[in-house]
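The primary structure of each chain is shown beneath.
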Amino acid sequence: MQNSYHETVLLHESVDNLITNPDGVYVDLTFGGGGHSREILSRLSPKGKLFAFDQDADAAQNAIVDSRFQLLQYNFRHLQRSLRLAGIKQVDGILADLGVSSFQFNTPERGFSYRFDAFLDMRMNQQGSEQTAQTILNQKTAEELQLMFSNLGELRNAKTLALAIVKARQRKPLETVQELLSVVEPNIIGNKYRYLGQVFQSLRMEANDELGALKEMLQQTAAVVRPQGRLCVITFHSLEDKLVKNWVKNGCFNDTPEKDFYGNVNLPFQAVHKKPVEPTAAEIEANSRAHSAKLRVAARNS
Ligand SMILES: C[S@@+](CC[C@H](N)C(=O)[O-])C[C@H]1O[C@@H](n2cnc3c(N)ncnc32)[C@H](O)[C@@H]1O
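Residues numbered from 1 in each chain as written. Predicted model: local features only at pLDDT ≥ 70, side-chain atom pairs only at ≥ 80, totals over all residues. Heavy atoms only, no water.

*Asks:* What exactly am I supposed to notice about the pairing of strand E1 (residues 25-28) here?
*Replies:* Two faces make up the sheet, and in a regular strand the side chains alternate between them. Every second residue of E1 is oriented toward a common face, with Val25 and Val27 on one face and Tyr26 and Asp28 on the other, all of them buried. Pairing analysis gives 4 bridges linking E1 to strand E2 (residues 49-53), with the strands arranged parallel. Each residue of the ladder has a partner; that of Tyr26, found in E2, is Leu50. For the handedness criterion, the β-α-β arrangement of E1, helix H2 (residues 35-43) and E2 is classed as right-handed. Alignment of E1 against strand E4 (residues 91-97), held across 3 bridges, turns out to be parallel. Across the sheet, Val27 pairs through a bridge with Ile94, a residue of E4. (Buried < 20%, exposed > 50% of the residue type's maximum accessible area, 1.4 Å probe, protein only. Helix = DSSP H or I, 4+ residues; strand = E, 2+ residues; numbered from the N terminus. Pairing = 2+ DSSP bridges. Right-handed = clockwise from strand over helix to strand, strands pointing away.)

*Asks:* What exactly am I supposed to notice about helix H10 (residues 210-224) here?
*Replies:* Every α-helix winds through 3.6 residues per turn, so residues three or four apart in the chain are directed the same way. Helix length check: H10 (15 residues) gives 20 Å between terminal C-alpha atoms against 21 Å at 1.5 Å per residue, within 8%. Taken as a whole, H10 has its buried residues at Glu210, Gly212, Ala213, Leu214, Met217, Leu218, Gln220, Thr221, Ala222 and Val224. (Expected span 1.5 Å × (residues − 1).)

*Asks:* I tried to follow the packing of helix H6 (residues 142-151) against helix H7 (residues 158-171) on my own but got confused; where do I start?
*Replies:* Any two packed helices are characterised by how steeply their axes cross, that is the angle between the axes, and by the distance between the axes. The interhelical angle for the contact between H6 and H7, taken along N-to-C directions, is 135°, at an axis separation of 8 Å. When the axes of H6 and H7 are compared, the pair comes out oblique. As H6 runs across H7, the sense of the crossing is right-handed. Residue-level inspection shows Ala142, Leu145, Gln146, Phe149 and Ser150 of H6 in contact with H7, the latter providing Ala158, Lys159, Leu161, Ala162, Leu163, Ile165, Val166 and Arg169. Per-class residue counts for the contact of H6 with H7 are 9 nonpolar, 2 polar and 2 charged. (Axes fitted to C-alpha atoms, helices over the stretch in contact; angles between N-to-C directions. Parallel < 35°, antiparallel > 145°, perpendicular 65-115°, else oblique. Left-handed = near helix turned anticlockwise from the far one by under 90°. Contact = heavy atoms within 4.5 Å. Nonpolar A, V, L, I, M, F, W, Y, C, P; charged D, E, K, R; others polar.)

*Asks:* Would you take a moment to explain the packing of aromatic side chains for this structure?
*Replies:* Between two aromatic rings, the relevant description is the distance of the centres plus the angle of the planes. Here the structure, examined in full by the defined rule, presents 6 aromatic pairs. On the basis of an interplanar angle of 5° and a centroid distance of 4.4 Å, the ring pair of Tyr5 and Phe103 is categorised as stacked. Of this pair, Tyr5 sits in the segment before helix H1 (11-18) while Phe103 sits in helix H4 (residues 102-106), and the two are 98 residues apart along the sequence. Taking the centre distance of 5.2 Å and the plane angle of 90° together, the rings of Phe261 and Tyr262 count as edge-to-face. The exposure class assigned to Tyr262 is exposed, which follows from its relative accessible area of 66%. The residue whose ring lies beneath Arg289 is Phe236, and the NZ or CZ to ring-centre distance is 4.2 Å. Between Arg300 and the ring centre of Phe269, over which it is positioned, the NZ or CZ distance is 5.8 Å. (Phe/Tyr/Trp six-rings, centres within 6.5 Å; stacked < 30°, edge-to-face > 60°. Lys NZ or Arg CZ within 6 Å of the ring centre and 35° of its normal.)

So far we have only geometry, and geometry alone does not tell us how the molecule works.
Right, dumping it as structure tokens:
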């Protein structure tokens with residue numbers, strides 16, 4: 001869907017899989033520009049309800065005026081508690097479309113993009129955590145930076161970059177995108193834009209503890225989604241996809257299920273499709289951000 005705030009990815013594929021009961025209660029965990037939320041509301045009956053989460057106060061400008069809709073400005077890691085506060089114990093389906101919106105990415109002063117000089121902020125919730133990309137760059141040890149660039153950014157020369165950052169910050173703390181670029185650029189290997197994208201992505205994921213929030217949220221879905229209800233998650237990073245895949249397949253984040261004291265395995269969900277749903281070539285052509293998207297759909301076991 002064309003939207004200046006954010007172009008929605010896998011819109012029909014995700015909402016088709018999410019809704020099993022038009023009278024039901026649904027949750028859009030990543031409201032953003034509201035593209036998925038509007039589509040969900042268009043499929044619900046007058047009895048249906050939709051709760052949307054977004055930790056970024058800016059998303060409230062897209063709030064939908066509809067008596068069936070409520071926007072909650074919380075991190076989705078507080079899923080169960082936030083729904084309880086809204087009087088909801090269980091829901092028919094949960095959708096998450098991870099990462100940042102185009103609006104966040106394209107707003108220079110948020111510091112998410114290497115295209116604009118700004119303070120290295122990168123927090124989705126600017127009223128929440130005090131951890132910014134700037135504090136990460138100046139406070140983490142060389143080993144921690146190396147691990148971050150190698151795990152989240154998949155950089156092949158993570159150690160070289162980490163050491164260059166530690167050396168540069170001894171002269172002056174890194175505070176702006178331009179200051180970071182002046183350290184990164186001499187160390188780029190391969191395609192310049194791909195490399196910069198990986199550096200900025202790893203800082204953003206770390207600043208927002210994106211993998212931590214995803215794990216905490218997934219662990220609550222077993223209690224929140226009612227039997228036969230759906231869990232639909234769109235990821236853009238291989239580590240996110242691995243967490244979702246293992247959660248659905250094994251009920252935990254390991255490659256094999258955990259057994260209880262008696263040797264039983266408890267699997268809250270089962271996969272609806274063997275493989276993740278991916279965007280069509282036409283969608284990728286129209287929206288390059290869709291190229292790494294993967295949708296996993298799971299049904300809650302009874
Ligand atoms: C990719 S955009 C969602 C776009 C939306 N599906 C649409 O069609 O417009 C992701 C949104 O989720 C929010 N977000 C990301 N992680 C979050 C979290 N842990 N808790 C709450 N909101 C989060 C971001 O602030 C951003 O607005």
